[in-house]
Amino acid sequence: MKDLSDIVLVSDMDGTLLNSKKEITSENLRAIERFRSMGGKFTIATGRTIQSFSPYADMLEIDMPVILYNGAMIYDYLNKKSLYTVYLPETAREISLEIMKSVGNLGGEILKEEGTYIFRNNEYEQHHTDLCRIIPKFCRLEDMTSDKWLKVLFATSPENLEKLVDFISEKGYNSVSFVKSADIFCEMLEPSSNKGSALKKYRQLDGMEKFRFVSIGDYDNDIEMIQEADFGAVPSNAQPEVKSSADMVLKSSCDENAVAELIDLIIQKNIHGGKYDN
């Protein structure tokens, strides 16, 4: 049996580990268990919150820190504490107000460590709430203080999301950054905050320096993480731009157990210097 004790596998959730029914299949769970039995370490990098990822942390028996809020936090579920946190600047509030006044038909929420605050609901925002299986708090954006925001999520139709992206591009905001996390979601983050920068911080955590990192993701918000890892893979359903950033495009989609395929390849071939041995 190979010793994989120097490898950490970091997986995205939606569109990668989760199938289109938002399930973790038994095939992926068995593959993760096999990977761990050979010494490998498994963790997650997701846009989800402490609360919305918690059920999956139990299901996956997570024993490693997890990247949450699309890179704004590294969280230790075992000790229930944040190891790394990046907050949005105070300008995020005024920028959010300007966006909501200028682009119609947007839903929106503010994500903080203690929970989710919806400042405008619509069918796409409701879909996000249902997806995350959380009980949000409702608020007026005008009444929210600007302290300790981890991210802001805007939700709308795919067509209207492109209008939002165009507006953001025209405004040229430089105190915050934006990333699409799905065809109906666009997220505002602190400019240095993404899954890749969080993975770089992860490498600096106590005891993590010796590990090699393999990552897998499917959407725009995964690109920096794929590039930061020693080896980055994507499922076959990944967006074209994400595929072009990866070392390998897998044969399987998220509905065909792409994570299990990657684990099989790691076990069969191992990884050295960012490439698979032949």
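The rules we used
- Along each chain, residues carry numbers from 1 onward, in the same order as the chain's sequence is written.
- Side-chain atom pairs in this predicted model are given and counted only at pLDDT of 80 or more, local residue features only at pLDDT of at least 70, and totals for whole chains, interfaces and linings cover all residues.
- Only hydrogens and water are removed before side-chain values are computed, so all heavy atoms of the structure are retained for them.
- Here the nonpolar core consists of buried residues drawn from Ala, Val, Leu, Ile, Met, Phe, Trp, Tyr and Cys, with membership extended through side-chain atoms lying within 4.5 Å.
- Each residue is assigned to one of three classes by its accessible area relative to the maximum for its type, calculated with a 1.4 Å probe on protein chains only: buried under 20%, partly exposed between the two thresholds, exposed over 50%.
- Elements are defined by DSSP. Helices are runs of H or I of four residues or more, strands are runs of E of two residues or more, and each kind is numbered from the N terminus.
- Residues count as neighbours in contact if any of their non-hydrogen atoms are within 4.5 Å of one another.
- In this scheme Phe, Tyr and Trp rings, the latter by its six-membered ring, pair at centre separations within 6.5 Å, and the angle between planes marks the pair as stacked below 30 degrees, edge-to-face above 60, and tilted otherwise.
- Expected helix span is given by 1.5 Å per residue-to-residue step, counting one fewer step than there are residues.
- This arc is taken over the directions from the axis of the helix to the C-beta atoms.
- For two strands to count as paired, DSSP must find a minimum of two bridges between them.

Caption draft 1: Layout of the nonpolar core. Counting 46 residues, the largest nonpolar core has Leu17, Phe42, Ile44, Phe53 and Leu60 as its most contacted members. It is helix 9 (residues 258-269) that provides the largest number of residues to this core, a total of 8 residues. Ignoring any residue separated from it by four or fewer positions in sequence, one finds Leu60 in contact with Leu17, Ile24, Leu29, Ile32, Arg36, Phe42, Ile44 and Phe53. In this structure, Val103, Tyr117, Leu161 and Ile168 belong to the second largest nonpolar core, which totals 25 residues.

Caption draft 2: Summary view of the packing of aromatic side chains. Tallied over the entire structure, the rule returns 5 aromatic pairs. When the ring of Phe53 is compared with that of Tyr77, the centres are 5.7 Å apart and the planes differ by 55°; the resulting orientation is tilted. Taken together, the positions of Phe53 in helix 2 (residues 50-59) and Tyr77 in the loop between strand 4 (73-76) and strand 5 (81-85) put the pair 24 residues apart, joining distant regions of the chain. When its relative accessible area of 12% is taken as the criterion, Tyr77 is described as buried. Between Tyr202 and Phe213, the aromatic rings sit 5.8 Å apart at their centres with planes inclined by 75°, giving edge-to-face as the arrangement.

Caption draft 3: Layout of the environment of Lys210. One can find Lys210 in the loop between helix 6 (195-203) and strand 12 (212-216). Distance in space between the C-alpha atoms of Lys210 and Asp3 is 14 Å, their sequence separation being 207 residues.

Caption draft 4: Focus on helix 5 (residues 158-171). The end-to-end C-alpha separation of helix 5 is 20 Å, in line with the 20 Å expected for 14 residues at 1.5 Å each. Considered for burial, the residues of helix 5 that qualify are Asn160, Leu161, Leu164, Phe167 and Ile168. Take helix 5 and look down its axis: the buried residues cluster within an arc of 115°, on one side only. Seen from the open side of helix 5, the exposed residues pointing more than 90 degrees away from its buried face are Glu159, Lys163, Ser169 and Glu170. In the core, the buried residues of helix 5 are packed alongside helix 3 (91-102), strand 9 (151-155), strand 10 (177-182) and strand 11 (185-189). Phi turns positive one or two residues past the end of helix 5, at Gly172, with a value near 65°.

Caption draft 5: Spotlight on the pairing of strand 7 (residues 115-120). For strand 7, the tally of buried residues reaches 5 of 6 residues, placing the bulk of the element in the interior. In terms of strand pairing, strand 6 (residues 107-112) meets strand 7 through 5 bridges, oriented antiparallel. Paired with Gly108 across the two strands is Arg120, which belongs to strand 7. What sits between the antiparallel neighbours strand 6 and strand 7 is a turn of 2 residues.

It is worth stressing that arrangement in space is one thing and function is another; only the former is reported here.
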